[in-house]
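Summary of the model geometry
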Amino acid sequence: MMKRLSVFLSFIAAMCVWAGNAQAVVLETNEWSSRTQVGWDYNTPTVPSIENATNTPAGGGALRMQWAAGSYVTSVGGGRAEYSQLPAGLTEIYIGHWVKWSSPFDWNPVGTKIDYMTMRDIVGPGLGRDNFLTMIQNNGTTFTFTQQLWQAPGTQNRYNNRSNVNIQKGQWYWLEIHARLNAVGSSNGFLEIWLDDVLIMQHSDVTYRTTNTTIGNFQHSPEWGGGGGTINQAQYIWFDHTVLSTTRIGRPGSMPSGDTTAPRSPVLNFAN
């Protein structure tokens, strides 16, 4: 009897440890009530701005990027908010946030970029950093992940291969990105992207880096382009409730779905 009780108590302790390990390790959360949160930098004193008038899923303010109407001969940024205090040695990250495009919004003919991530170290003398980005193409019907490397295999695109997308203007979406870096010299990096907790993209052949470096910083840095074109009116992108984590985040107010590596429960034997 005492042996069974001891095993039972061990089981409870193991479950507590397992449950604790299953919790997300959140590195940063920004609710965008101001631009004063430690760790964030911006490209101008006024853009991007905090807007409290828009209806935000999390309540309070939202981060607003903007473009003026006009004809452009090349890509044009809408603003940048950059977080550069990620811990050293980070090789896997989950990025989650709300995002909304204004209505009306003119999609760029090549692509409308959303988020950037860069590696920590410069690739080589006179070169930049390996990086990757996400963007919307084809008038809101294609979600694209792009790796931009300073060495082979260079720039490569990957598309939503698990579910279709149809981005509606003026509607909030929960976007979550999971990136696990490749081993140097191998194309075995792992990528998952969810939209409103629906897995839309999953690839296991990504080259995120070409040197033995780790993840450096994250940017809300939407860009209208790939190329020029005409914006017919002032237009905006809003971000809210930005979360950087080492494990799955999930759409706020719902349980995460579509995990690919769920924790395993302990297996116990109660036999005498």
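Look up a bit, the structure's there.
Since the model is a prediction, treat every value here as computed from it, not as a measurement. (Residues numbered from 1 in each chain as written. Predicted model: local features only at pLDDT ≥ 70, side-chain atom pairs only at ≥ 80, totals over all residues. Heavy atoms only, no water.)

A closer look at the packing of aromatic side chains
One pass over the full model with this rule turns up 13 aromatic pairs. Summarising the aromatic geometry, the rings of Trp 32 and Trp 40 are spaced 4.9 Å apart at their centres and angled 70° between planes, so their arrangement reads as edge-to-face. Across the pair, Trp 40 and Trp 32 agree in class, each one buried. Their ring planes at 35° and their centres at 5.7 Å tell us that Tyr 236 and Trp 238 sit as a pair that is tilted. Among the residues examined, Trp 238 registers a relative accessible area of 9% and is labelled buried. One aromatic cluster in this structure is built from Trp 32, Trp 40, Tyr 42 and Tyr 83. Of note, Lys 100 hangs over the ring of Trp 238, and the distance from its end group to the ring centre comes to 4.6 Å. The cationic tip of Arg 248 hangs over the ring face of Trp 194; the distance from NZ or CZ to the ring centre is 3.7 Å. (Phe/Tyr/Trp six-rings, centres within 6.5 Å; stacked < 30°, edge-to-face > 60°. Buried < 20%, exposed > 50% of the residue type's maximum accessible area, 1.4 Å probe, protein only. Lys NZ or Arg CZ within 6 Å of the ring centre and 35° of its normal.)

Things to note about the pairing of strand S11 (residues 142–148)
Of all seven residues in S11, six are buried; the element is thus mostly enclosed. Pairing between strand S10 (residues 131–137) and S11: seven bridges, direction antiparallel. Residue pairing across strands places Gln 137 opposite Thr 142, the latter belonging to S11. In this sheet, strand S12 (residues 156–159) lies alongside S11 in antiparallel orientation, the contact comprising four bridges. Each residue of the ladder has a partner; that of Thr 146, found in S12, is Asn 157. (Helix = DSSP H or I, 4+ residues; strand = E, 2+ residues; numbered from the N terminus. Pairing = 2+ DSSP bridges.)

Some remarks on the environment of Leu 199
With respect to the helices and strands, Leu 199 occurs in strand S15 (residues 198–206). Residue class for Leu 199 comes out buried when judged on its relative accessible area of 18%. Through-space distance from the C-alpha of Leu 199 to that of Asn 164 is 9.7 Å; in sequence the pair is 35 residues apart. When near neighbours in sequence (up to four residues on either side) are disregarded, Leu 199 contacts Arg 162, Ser 163, Glu 192, Ile 193 and Trp 194. (Contact = heavy atoms within 4.5 Å.)

Quick word on the side chain of Gln 235
Along the chain, Gln 235 falls in strand S19 (residues 235–245). Separated by 2.7 Å, the side chain of Gln 235 and the backbone nitrogen of Asp 106 make a polar contact. Of note is the side chain of Gln 235, whose polar atom sits 3.2 Å from the side chain of Gln 233. Setting aside residues up to four positions removed in sequence, Gln 235 forms contacts with Met 65, Gln 66, Trp 67, Ser 102, Pro 104, Phe 105, Asp 106 and Trp 224. (Polar contact = N/O pair within 3.5 Å; in protein donor to acceptor, adjacent residues only side chain to side chain.)

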